[in-house]
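Analysis of the macromolecular model
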Amino acid sequence: MKTKEYQFDGSIYVCRIVQANDGEELVIAPTALLDVIQPGSFEDENEGFANKEAEYIYDEIFFFTDAETLALPEEQFIEELKKDNSEWLE
């Protein structure tokens, strides 16, 4: 299992990396990270991002999911991701 860590607002968030059908590496992040990088509303002037760093992090993330899904074994994890992203994952 390949992972990537993001540090934001004093906390570390572990994300998983999966390979898309085209070979691109996709970052799958916990929804807890989304909650801190985008605490505001999309109607805010900055689309609700906490700051520019948060917006940069958001742009690197392919998909957000709950902590329980992130903890699944690789095969089950991919099966769960396919439910919402079948065109990206085999």
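Here, the structure is the one placed above.
My aim in this report is to walk through the structure given alongside it, one point at a time. This one's a predicted model, so the numbers in the text were calculated from it and none came from an experiment.

Criteria and cut-off values
Residues numbered from 1 in each chain as written. Predicted model: local features only at pLDDT ≥ 70, side-chain atom pairs only at ≥ 80, totals over all residues. Heavy atoms only, no water. Pairing = 2+ DSSP bridges. Helix = DSSP H or I, 4+ residues; strand = E, 2+ residues; numbered from the N terminus. Expected span 1.5 Å × (residues − 1). Buried < 20%, exposed > 50% of the residue type's maximum accessible area, 1.4 Å probe, protein only. Arc of directions from axis to C-beta. Contact = heavy atoms within 4.5 Å.

Judged from the seven bridges that link them, strand β1 (residues 2-8) and strand β2 (residues 11-19) form a sheet pairing that is antiparallel. When the sheet's bridge partners are listed, T3 is paired in β2 with R16. In textbook terms, the turn of a hairpin is the stretch between consecutive antiparallel strands, and for β1 and β2 this stretch comprises two residues, one of which, D9, has a positive phi near 55°.

This next bit is on helix α4 (residues 74-85). For an α-helix, 3.6 residues make a turn, and residues three or four places apart therefore share a direction. A rise of 1.5 Å per residue sets the reference length of α4, with its twelve residues, at 16 Å; its end C-alpha atoms lie 16 Å apart and thus fit the reference within 8%. Of the positions making up α4, those classed as buried are F77, I78, L81 and N85. Taken around the axis of α4, the buried residues stretch over an arc of 95°, which confines them to a single face. Within α4, the exposed residues directed more than 90 degrees away from the buried face are E75 and K83. Close packing links the buried residues of α4 with β2, β3 (25-30), β4 (63-65) and α3 (67-70).

Take the environment of I12 next. Topologically, I12 is positioned in strand β2. When near neighbours in sequence (up to four residues on either side) are disregarded, I12 contacts E5, Y6 and Q7.

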